[in-house]
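Results of the structural survey
For reference, the chains in residue letters:
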Amino acid sequence: MSENTLQLTKSENQKAKPASDQVPFGTTFTDHMFVMDYEEGQGWHNPQIVPYGPLELDPAAMVFHYGQSVFEGLKAYRTADDRILLFRPDKNLQRLNLSSDRLSIPPIDEEEVMAYLQQLVSLEQDWVPSTPGTSLYIRPFIISTEPNLAVGPSRKYKFMVILSPVGSYFAGGLKPVIIHVEDQFTRAVKGGTGMAKTAGNYSAGYQAQASAKKKGNADVLWLDGIEKKYIEEVGSMNIFFKIDGEVVTPELNGSILKGVTRMSIIELLRSWDIPVTERRVAIDELHRLYEEGKVEEIFGTGTAAVISPVGELNWMGRKMVINNHEIGELSQRLYDTVTGIQTGKLEDPFGWVVEVK
Ligand SMILES: *Cc1c(COP(=O)(O)O)cnc(C)c1O
């Protein structure tokens, strides 16, 4: 265990909190943030909670040039009896270290950082909104800060956690989305960085997302980068198919992000004795099953929306309308159960939630 001690500098003024049904995602931040530094030879040190504010970085800081940058995303939820719950935060810190490993960033001590993260959320607990569907989004991230233009791993880093209250993803209830199956651009390939939550993966998708949006789609479904045949995932969601009573999701292959929601949905389905298989799913196989009338539901999974039903897939000019653009029964049941556990409305038989004291 580390010998670091957390230093707290309180903010002198408190910002006004927005009405929780009126916050656009990711633009409002709380009064404080967590910062910790790394230096080669010294390790992670100087953990601090300080007033939220801009950073001063050298223009040669390596993150600006070579992109050593990883992040996580999780949420804190307020229960009806005013407790604050986190959903499987240990999985996010584990994954942060997996992403860091891929990007040659030194690992954090997961237990130590878990304690800091909880102290930050505890200090900012008045920022956790209470309207149903709202939460406090938690964004841990690491950037390389050594001023050096030589290509290679930085010898200095900053780990930070910022917090942002977020409104309901689906203000008017679960709404099925239209998704374009991307057959030109690639997000990730096996052996690349697809399994890491690293900055460049997302900007690599912007062009495809922009052209899909122009054609009326909400996002893109990525296929494998080599054959453009096997289904991978959507923007920042994993994908599931209910086919002929069975649930299928693409198996983790090194280029797909291992979602905490994905993992939880699989465990939940198994506990309900609903068959779920992780395997390769080819887009032409899906289309054939669709033509046979066997594709019953499709949904994306991720921290932001939990479950995002897919109402339509567009692939090379072919349109697949799923469940008549309506929410499937299983999608709704999964959504209700996961959000119920997250907000303390339902019992948590899996030990997924962690209370912040
Ligand atoms: C974060 C993310 C997901 C979903 O992961 P969760 O842990 O469930 O939030 C899926 N795909 C990508 C590319 C992501 O960045």
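Criteria and cut-off values
Residues numbered from 1 in each chain as written. Predicted model: local features only at pLDDT ≥ 70, side-chain atom pairs only at ≥ 80, totals over all residues. Heavy atoms only, no water. UniProt positions renumbered as here; feature names shortened; annotations may be inferred. Near = heavy atom within 4 Å. Polar contact = N/O pair within 3.5 Å; in protein donor to acceptor, adjacent residues only side chain to side chain. Areas by Shrake-Rupley, 256 points an atom, 1.4 Å probe, with all protein chains shown as cover. Nonpolar A, V, L, I, M, F, W, Y, C, P; charged D, E, K, R; others polar. Core = buried A, V, L, I, M, F, W, Y, C linked by side-chain atoms within 4.5 Å. Buried < 20%, exposed > 50% of the residue type's maximum accessible area, 1.4 Å probe, protein only. Helix = DSSP H or I, 4+ residues; strand = E, 2+ residues; numbered from the N terminus. Contact = heavy atoms within 4.5 Å. Arc of directions from axis to C-beta.

- The protein is annotated in an unreviewed UniProt entry as Branched-chain-amino-acid aminotransferase of Planococcus lenghuensis.
- UniProt annotates the protein under Cofactor (unreviewed entry) with the comment "pyridoxal 5'-phosphate".

1. Quick word on the site of the ligand
- Around the ligand there are 15 residues in total, and Lys197, Tyr202, Glu233, Thr261 and Thr303 lie nearest to it.
- Measuring from an oxygen atom of the ligand, one finds a side-chain N or O atom of Tyr202 at 2.4 Å.
- Glu233 places a polar side-chain atom, nitrogen or oxygen, 2.5 Å from a nitrogen atom of the ligand.
- Relative to its unbound accessible surface of 390 Å², the ligand loses 97% to contact with the protein.
- The class makeup of the residues in the shell around the ligand is four nonpolar, seven polar and four charged.

2. Things to note about the nonpolar core
- Ile108, Ile138, Ile142 and Phe159 are the most contacted members of the largest nonpolar core, which totals 32 residues.
- At the level of secondary structure, the elements contributing two or more residues to this core comprise strand S2 (32–39), strand S3 (43–51), strand S5 (74–78), strand S6 (84–87), helix H2 (89–102), helix H3 (110–123), strand S7 (135–144) and strand S8 (156–166).
- The leading source of residues in this core is H3, at six residues.
- Ignoring any residue separated from it by four or fewer positions in sequence, one finds Ile142 in contact with Trp44, Gln68, Ser69, Val70, Leu96, Ser100, Ile105, Ile108, Tyr157, Lys158 and Phe159.
- The next biggest cluster of nonpolar side chains, apart from the first, holds 23 residues, and it includes Ile179, Phe241, Trp315 and Ile322.

3. What to know about helix H5 (residues 206–214)
- The complete set of buried residues in H5 reads Ala208, Gln209 and Ala212. Viewed end-on, H5 has its buried residues packed into an arc of 95 degrees, placing them on one side of the element. Of the exposed residues in H5, those oriented more than 90 degrees away from the buried face are Tyr206, Gln207 and Lys214.
- For H5, the secondary structure elements touched by its buried residues are strand S9 (177–181) and strand S10 (219–223).
- Positioned one or two residues after H5, Gly216 has a phi angle of 90 degrees, which is positive.

4. Regarding the side chain of Arg187
- The topology assignment puts Arg187 in the loop between S9 and helix H4 (200–203).
- Judged by its relative accessible area of 9%, Arg187 is buried.
- In terms of polar contacts, Arg187 uses its side chain to reach the backbone carbonyl oxygen of Gly194, at 2.7 Å.

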